[in-house]
Amino acid sequence: MRDITDTPFQTMANAIRFLAADAVEGARSGHPGMPMGMADVATVLFTRFLTFDPTTPDWPDRDRFVLSAGHGSMLLYSLLHLCGYPGWDIEVLKSFRQLGSPAAGHPEYGHGAGIETTTGPLGQGLATAVGMALAESMDRARFGADLVDHDTYVIAGDGCLMEGVGQEAVSFAGHMGLSRLIVLFDDNGITIDGATSLATSEDHPARFAAAGWHVQRVDGHDPEAVAVAIQRAREADRPSLVACVTTIGKGAPTKAGTAKCHGSPLGEVELAETRAALGWTHGPFEVPEEVKAAWEGIGARGASNREAWRARLAAAEAPRRQAFEDHLGRVVPVNWRGALVDHKRAVAAAGGEIATRKASGAALDVLTPLVPFLVGGSADLTGSVNTRTKVTRPVTPGDYSGRYIHYGVREHAMAAIMNGLSLHGGYRPYSGSFLVFATYLLPALRLSCLMAQPVIHVLTHDSIGLGEDGPTHQPVETLAVLRATHGLVVLRPADAVETAEAWEIALDRETGPTAIVLSRQDLPVLRRDPGEENLCAKGGYVLAEAAVGARVTTLIATGSEVSLAMAARDILEGEGIGTAVVSLPSFELFAAQCPGYRTAVLGDPQGVRVGVEAALSFGWDRLLGSKGDFVGMTGYGASGPAEELYTHFGITGEAVAARARALLDGGGGRA
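Chemist: What's the story with the sheet that holds strand β11 (residues 428-434) in this structure? I'm lost.
Modeler: Backbone-to-backbone hydrogen bonds join strands into a sheet, with any given pair of strands oriented parallel or antiparallel. Judged by pairing direction, the sheet is parallel, and its six strands sit side by side in the order β10-β9-β11-β12-β14-β13 without closing on themselves. Only two strands of the sheet have a single partner each, and these edge strands are β10 (404-406) and β13 (489-491). For this sheet, the mean inter-axis angle between neighbouring strands, taken without regard to orientation, is 20 degrees. Strand direction decides the pairing type here: strand β9 (residues 374-378) and β10, joined by three bridges, are parallel. Within β10, the residue paired with Gly-377 across the bridge is Ile-405.

What follows is the structure, given as structure tokens:
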């Protein structure tokens, strides 16, 4: 615990309060209550405990500070300004919530120095911070405490603890014993609707204790009590919750302690009266020089910590130092791509049939020994999604040196924790679940897209092809949902060769998440002579051109339905109808190609095109042209053997050929 500055504590805390209240007032929107209520706790944290250096905001061994209660963003922005972070001058605070301002309504990663993660959707910051704390423990196990020795602090509100993702993350962190994680709970008893008693009567500390956390409850406006609690939390052998009992909007004469200051400006009169009540005689956005100097002194203090860390890094033995720097830079070995090409040729030569989920596991068996920053996991589906390899030992409580994370049945937290692992630096997390459960993790995946984090989701059992588990597990709509998620690249490979190429694409993507969508059922290997070129990288390509004359029909398919399109081609070509098959593993990558390439692949827009996918047709229209049609699902699936389901729902080679024939005979399309 460090000594506080000579400047009176309350004056330093009030600087946060009034910068926040003034910014919200100026924007005429925002949430002043939370920053005003938690200003005391934040002041204790930043002045006595948090290790950071505004001159180098991203140095690896800094403490992480996550404002999970992102609606109180002015708390963070005020601290960044006061501590001297670059890009956070007073004019930025005056532009709070204005177009183009780094001071967005909720903290947005990449928009300004010192913002560790995008928050706002409640609970996401808490769960992401669990990933950061896990990454710290894993790094420390690999590289030593002299290079990795920092804490992760979270300010969370009632909403963060009510949201399901929060409970998933709390349970996981407690089980894993993440002792470098400290959550400061803004226990103010107020939500937008009013008192929390309207909706919940939980004893949050008791719940955390039951999950294996160290818990304390303190007066959040007693700085010494808060400091003692944080110090005890730092000494605990497990993650810690400090429930800080606070008054929302502290200092506001009529609105403090009520929902009236949660999500609305105080108002000119109330703000003036708050100034009088707290003895703050300064105008809007005015901070006395001695107060600003005191805060900047707190910021400057971190330079010595950073320099000491740099000295330790320089003194580390050369192999360990190089391994650590390669880890931070996600440096890939030069031979990984060649190894994957060799694997691609081997599976092509072997032929036969293999489920793409198993083919994915085989590709990972090649990649994980070569790419040490690949860290796998699954939501209690390891044997089904094939994400664990021979070299990825489990990460367990007390032994964080492994590379495989058993997330349990917690898809939502899994995706958020993966964001934290990625944001912390060094790791490229991948995980596995069933495609139908992608909607469980979608809010965290959406943040992956917003933050452009290169996480990888392996999503298997992707259609009615999973068979007897029935419509509850057959994701007819999920592909459309994922394809509509901006920034996500969805890959649905047709065979083992395309699956290897999908992994190459995922590893090449340095920004943005990837979803690799895979079959449960065995599929034939269609590409029997693959070269070094990754054909899937353009999103779609001609797998088989017309062989009996000019192309008059184009069959466009993804994943497991490509083999059905090939069967339909055999039928049509046998009838003298020139038919090409296009494999289209990624709508997003295909859309990014030039118009000339897309037309060359899809054929004449006025020609016959048939789309084939065991899913709903949403999103296919732009690919099918004026004389196109679609063979796929029109509703939910059913329980039964996979091959019977394909026949029952009319998704067969014969049905595809019949649809093409009807279009050629003038049967009309979808236009």
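From this point, things continue past the structure.
Chemist: Looking at this structure, how should I read the pattern of salt bridges?
Modeler: Side-chain pairing between opposite charges can occur once the charged atoms of the two side chains come close. Evaluated as defined, the whole model comprises 33 salt bridges. The closest approach of N and O atoms between Arg-492 and Asp-462, which form a salt bridge, is 2.8 Å. With a gap of 30 residues between them, Arg-492 in the loop between β13 and α20 (496-508) and Asp-462 in the loop between β12 (456-460) and α19 (478-483) connect regions that are remote in the sequence. Asp-462 gets classed as buried once you look at its relative accessible area, which sits at 2%. Three or more residues joined by partner-sharing salt bridges are found here, namely Glu-136, Arg-140, Asp-149, Asp-151, Arg-180 and Arg-234.

Chemist: What is the right way to look at unusual backbone geometry in this model?
Modeler: For residues other than glycine, phi is negative in most cases, and the peptide bonds are mostly trans. Phi is positive for Asp-380, which is not a glycine, with a value near 65 degrees. Among the structural elements, Asp-380 can be located in the loop between β9 and α16 (382-385). Despite not being glycine, Ala-452 has its phi angle at roughly 55 degrees, a positive value. Of note, Ala-452 is situated in the loop between α18 (438-451) and β12.

Chemist: Would you take a moment to explain the packing of aromatic side chains for this structure?
Modeler: Between two aromatic rings, the relevant description is the distance of the centres plus the angle of the planes. Inspection of every chain in the model, using the stated rule, returns 17 aromatic pairs. With centroids separated by 5.6 Å and ring planes inclined at 85 degrees, the aromatic side chains of Tyr-430 and Trp-503 adopt a geometry described as edge-to-face. Taken together, the residues span a long stretch of sequence, with Tyr-430 in strand β11 and Trp-503 in helix α20 at a distance of 73 residues. For the pair formed by Tyr-430 and Trp-503, the shared burial category is buried. Ring-pair connections join several aromatic residues into one group, and the members of that group are Phe-46, Phe-52, Phe-65 and Tyr-85.

Chemist: Is there a simple way to explain the side chain of His-343 in this structure?
Modeler: Considering the arrangement of structural elements, one finds His-343 in helix α14 (residues 336-350). In this structure, His-343 is in contact with Ala-362, Ala-363, Val-366 and Ala-500, ignoring residues within four places of it in sequence.

Chemist: What's the story with helix α10 (residues 268-278) in this structure? I'm lost.
Modeler: Since one α-helical turn is 3.6 residues long, residues separated by three or four positions face the same way. For α10, the complete set of buried residues consists of Glu-270, Leu-271, Thr-274 and Arg-275. All buried residues of α10 lie within an arc of 145 degrees about the axis, which places them on one face of the element. Turned more than 90 degrees off the buried face of α10, the exposed positions are Glu-268, Val-269, Ala-276 and Ala-277. Summarising the contacts, the buried residues of α10 are in contact with α1 (9-27) and α2 (33-48). Immediately downstream of α10, the backbone of Gly-279 shows phi near 70 degrees, a positive value.

Chemist: It is not clear to me how the side chain of Thr-47 should be interpreted in this structure. Could you clarify?
Modeler: Along the polypeptide, Thr-47 turns up in helix α2. Within the structure, the side chain of Thr-47 is placed 2.5 Å from the backbone oxygen of Thr-43, a separation counted as a polar contact.

Chemist: Hey, could you run me through the nonpolar core in this one?
Modeler: Most often, soluble globular proteins keep nonpolar side chains buried together rather than apart. Counting 68 residues, the largest nonpolar core has Phe-46, Leu-75, Tyr-77, Trp-88, Leu-184 and Trp-295 as its most contacted members. Ranked by residue count, the leading element in this core is α1, at 12 residues. Residues contacting Leu-184, with those up to four places away along its chain left out, are Met-38, Val-41, Leu-45, Val-154, Ile-155, Ala-156, Ile-230, Val-242 and Cys-244. Counting 61 residues, the second-largest nonpolar core is a separate cluster that includes Phe-208, Ala-211, Ala-243 and Ala-515.

Cut-offs used in this document
- Residues numbered from 1 in each chain as written.
- Predicted model: local features only at pLDDT ≥ 70, side-chain atom pairs only at ≥ 80, totals over all residues.
- Heavy atoms only, no water.
- Pairing = 2+ DSSP bridges.
- Helix = DSSP H or I, 4+ residues; strand = E, 2+ residues; numbered from the N terminus.
- Axes fitted to C-alpha atoms, helices over the stretch in contact; angles between N-to-C directions.
- Salt bridge = Lys/Arg side-chain N within 4 Å of Asp/Glu carboxyl O.
- Buried < 20%, exposed > 50% of the residue type's maximum accessible area, 1.4 Å probe, protein only.
- Phe/Tyr/Trp six-rings, centres within 6.5 Å; stacked < 30°, edge-to-face > 60°.
- Contact = heavy atoms within 4.5 Å.
- Arc of directions from axis to C-beta.
- Polar contact = N/O pair within 3.5 Å; in protein donor to acceptor, adjacent residues only side chain to side chain.
- Core = buried A, V, L, I, M, F, W, Y, C linked by side-chain atoms within 4.5 Å.

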